[in-house]
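Spelled out from the first residue to the last, the chains are:
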Amino acid sequence: MTSETNLDDKDTFKILIATDIHLGFMEKDAIRGNDTFNSLEEILKCAKTNQVDFILLGGDLFHENKPSRRCLNTCISLLRQYCMGETPILFNILSDQAVNFNNSKFPWVNYQDDNLNISIPVFSVHGNHDDPTGSDGLCALDLLSSAGLVNHFGRSQSVERIEISPVLLQKGQTKLALYGIGSIPDERLYRMFVNNHVTMLRPKEDQDQWFNLFTIHQNRSKHGATNYIPEQFLDDFLDLVVWGHEHECLITPTRNEQQLFYVTQPGSSVVTSLSPGEAVKKHIGLLRIKGKKMNLQKIPLQTVRQFYIQDLVLLDHPDLFTPNTTHVTKDVIQYCSNKVEEMLEEAEKDRMGCPLTPEKPLIRLRVDYSGGFEAFNSTRFSQKYVERAANPKDIIHFLRRRETKEGIKDEGGVEIGTLLARTAIEGQRVEDLVKQYFEQAEKSVQLSLLTEQGMGKAVQEFVDKEEKSAIEELIKYQLEKTQRHLMARGVNTEDDIDTEIQRFRDSKKNTAEEDEEIKEAMNRAKSHRVERGSTNQDLDPSGLGADLTLDSDEDSVPTPATNRGRARGGSARSRGGRGRGNAVIGKKLASQSRSMKASTESRNIMEGMHRPRRSAATKTYTEEVDADDFDDKPSMKVNQPMSRQGSQSQRQSSSRAVTYDSDTDEDEFDPFNDPSVRRHK
């Protein structure tokens, strides 16, 4: 195995890799509020200590699409503290930066900016939590990019075709091609891979001398038929894939025997869900690349809060209690207390010698009380652990295998109990649940104008990103577009209208046009939300609309009733000036909202047929990308697919030496030291 000291020379890239930092997660929690910020600081400090060439982030730097001011301020402060300085950059960028960073107003790497002193560049793709949204397609990473702190790459403008142009870097004799693709809805990206609409460009000269590193932020494990990206979809010329989005730490590189590349999954640096995958110890990776050789060193994170989880099935302990046992609830509580105490003691032992580890661990005991047992008061149970656990309110989680009665369906003919139970087990999204519902529903309750994908996306925007008018705007947009289509076709009778609507709807399913329509409707919802915000400010008689914006990060508090005397009424009126509005304006806005909603609901296809067509042209954002556009660029060329047999024979004839270093305190199997998995000439 090649030693680390032999690799640290002028030809060796040293890269710190991390994914899913989720800055701002639980930031308002009194105990866990600083966990994500402490982890980011540890990661940046580790990069500076090891004198890395750059940091590579695999998405989800932020937990929220619109992070708070505190979150942004802390992130900017840490990046400025650890990534700016006088240390020289020892590698060069060879690719066309205007192509790599074409979405930025400053299309060049930050360390080449004359106005900045960057000592450690940060390259990052966006994730699904901090993905670009709105009419301008901006995300939190774009703010950091404009500030010169992060190099945001891997963005795609087209929803139909993707061409990934690598960032070409060179240090000494080592050449590195850095590929990246930000988070895209898995179903859409899956369809593009199947239709061969994803192309990775390669350098035209000396292709075999480049180390190809790819960063992706998608589902790796299968959550549905097309709700993931199989590793086999990726090109076989890649050397290493850094996989983000999956939170379980599987940072030890695994070899894909079909495509002959390695995959590392660093996982998240903070526990965001109390599930078994999050209980694995968190790591980041120090990647060394020299020529075609690589070495990955695991670095355990010390500031991550400990997390322990156990499952308890009450039916598996008939010798201790049964549903008919006297005082069975008391016995179950005592047994659960013993389990929690065991986890707390284990956490105390593991924390010894680690001063950076937070004192209070996360504890989760999943109790399956099927078979006639009763759930006890978990709040009362958790009170005695308030000073010892970081999550006293949800230590106990009750589960029960429900016996759903067959034949009991809703008005659409769907067994909701079975659907929800399966969804809870599989951990599916709201979008998938909506799609499954309409797949099983009877014909009488099927959608007429909207597609299942469109409705699911609108519901997901409503739930995940609080776009309250997403569903309404999608319906209005589809209604207007269908009316224009019917008038253009000259359809008049009701039977012909129904047939044409169905045909028009089916023609858009699973196409780029459907994706563009959904995007346009979401942009409308975003614009209307901004307009409503400005309208509320104009209607504020006290002129304190700015206070409403400044208080946006605070939790809203219901306005007290104003009919209990002059003192309370006056107090409520004065508090209205701090962003909650007074009673008169509130009634006025509510009345306008109700009238708008009533007018929207009263519209239908036949009514729209007699309305004049709008004079303003509807904006479209479809962008076609042709592979021939790259023919004029001498430095790049489109990678031509080759047969699987020819590709594998070529890969077997190539030479690649790969080494791997693990922690000294862990004894693991090293796939890179086994001679059976090395490649020989």
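Residues numbered from 1 in each chain as written. Predicted model: local features only at pLDDT ≥ 70, side-chain atom pairs only at ≥ 80, totals over all residues. Heavy atoms only, no water.

Undergrad: Would you mind showing me how to read the overall build of the protein chain here?
TA: The helix and strand inventory of the protein chain stands at 19 helices and 20 strands. In the protein chain, which comprises 681 residues, the proportion classed as buried is 47%. Within the protein chain, contacts between residues at least 6 apart in sequence are counted, and of these 74% link residues at least 24 apart. Total accessible area on the protein chain is roughly 35,500 Å²; 48% of this is exposed by carbon and sulfur atoms. (Helix = DSSP H or I, 4+ residues; strand = E, 2+ residues; numbered from the N terminus. Buried < 20%, exposed > 50% of the residue type's maximum accessible area, 1.4 Å probe, protein only. Contact = heavy atoms within 4.5 Å. Areas by Shrake-Rupley, 256 points an atom, 1.4 Å probe, with all protein chains shown as cover.)

Undergrad: When you look at the pattern of salt bridges in this model, what are you seeing that I'm missing?
TA: Between side chains of opposite charge, a pair can form when the charged atoms approach closely. What the rule picks out here adds up to 14 salt bridges. Between Asp239 and Lys292 there is a salt bridge, with its nearest N and O atoms 3.2 Å apart. Taken together, the positions of Asp239 in the loop between strand E10 (210-217) and strand E11 (240-244) and Lys292 in the loop between strand E14 (283-290) and strand E15 (293-300) put the pair 53 residues apart, joining distant regions of the chain. For Asp239, a relative accessible area of 1% translates into the label buried. Here Glu341 ties to Arg388 by a salt bridge, and the two come within 2.9 Å at their closest N and O atoms. Here Arg388 lies in the loop between helix H8 (378-382) and strand E18 (396-399) and Glu341 lies in helix H7 (residues 328-351), a separation of 47 residues in the sequence. Residue classification places Glu341 among the partly exposed residues on the basis of a relative accessible area of 25%. (Salt bridge = Lys/Arg side-chain N within 4 Å of Asp/Glu carboxyl O.)

Undergrad: For this particular structure, what's the right way to read the confidence of the model for the protein chain?
TA: Close inspection of predicted coordinates is inappropriate for parts of the model with low pLDDT. Scored by pLDDT, the protein chain comes out at a mean of 76, with 69% of its residues at no less than 70. Note that pLDDT drops below 50 for residues 421-427; the model gives that stretch 6 contacts with residues more than four away or on any other chain. Counting contacts from residues 537-681, a segment whose pLDDT is below 50, to residues more than four positions away or on other chains yields 185 contacts. (pLDDT = per-residue confidence, 0-100.)

Undergrad: Before we go on, may I ask you to explain the pairing of E14 in this structure?
TA: When a strand is regular, its side chains alternate between the sheet's two faces. Most of E14 sits out of view: 7 of its 8 residues are buried. Hairpin connection, E14 to E15: the antiparallel pair is bridged by 2 residues, and Gly291 has positive phi, about 65°. (Pairing = 2+ DSSP bridges.)

Undergrad: Help me understand the environment of Cys249 in this model?
TA: On the secondary structure map, Cys249 appears in the loop between E11 and strand E12 (250-255). As a C-alpha pair, Cys249 and Thr264 span 15 residues in sequence and 9.1 Å in three-dimensional space. Not counting the four nearest positions on each side in its chain, Cys249 is found in contact with Gln265, Pro266, Gly267, Val280, Lys281, Lys282 and His283.

Undergrad: Explain the sheet that holds strand E17 (residues 362-368) here, please?
TA: Sheet strands associate in pairs through backbone hydrogen bonding, adopting either a parallel or an antiparallel arrangement. The 3 strands are arranged E16-E17-E18 in an open sheet whose pairing can be described as parallel. Looking at the sheet topology across the chains shown, the edges are occupied by strand E16 (307-313) and E18. Recorded for the sheet is a direction-independent mean angle of 20° between the axes of neighbouring strands. As defined by bridge partners, E16 adjoins E17 across 7 bridges and the pair is classed as parallel. Across the sheet, the residue bridging to Asp311 is Arg366, located in E17. Strands in contact with H7 are E16 and E17; relative to E16, the strand with the most contacts, it is inclined by about 155°. (Axes fitted to C-alpha atoms, helices over the stretch in contact; angles between N-to-C directions.)

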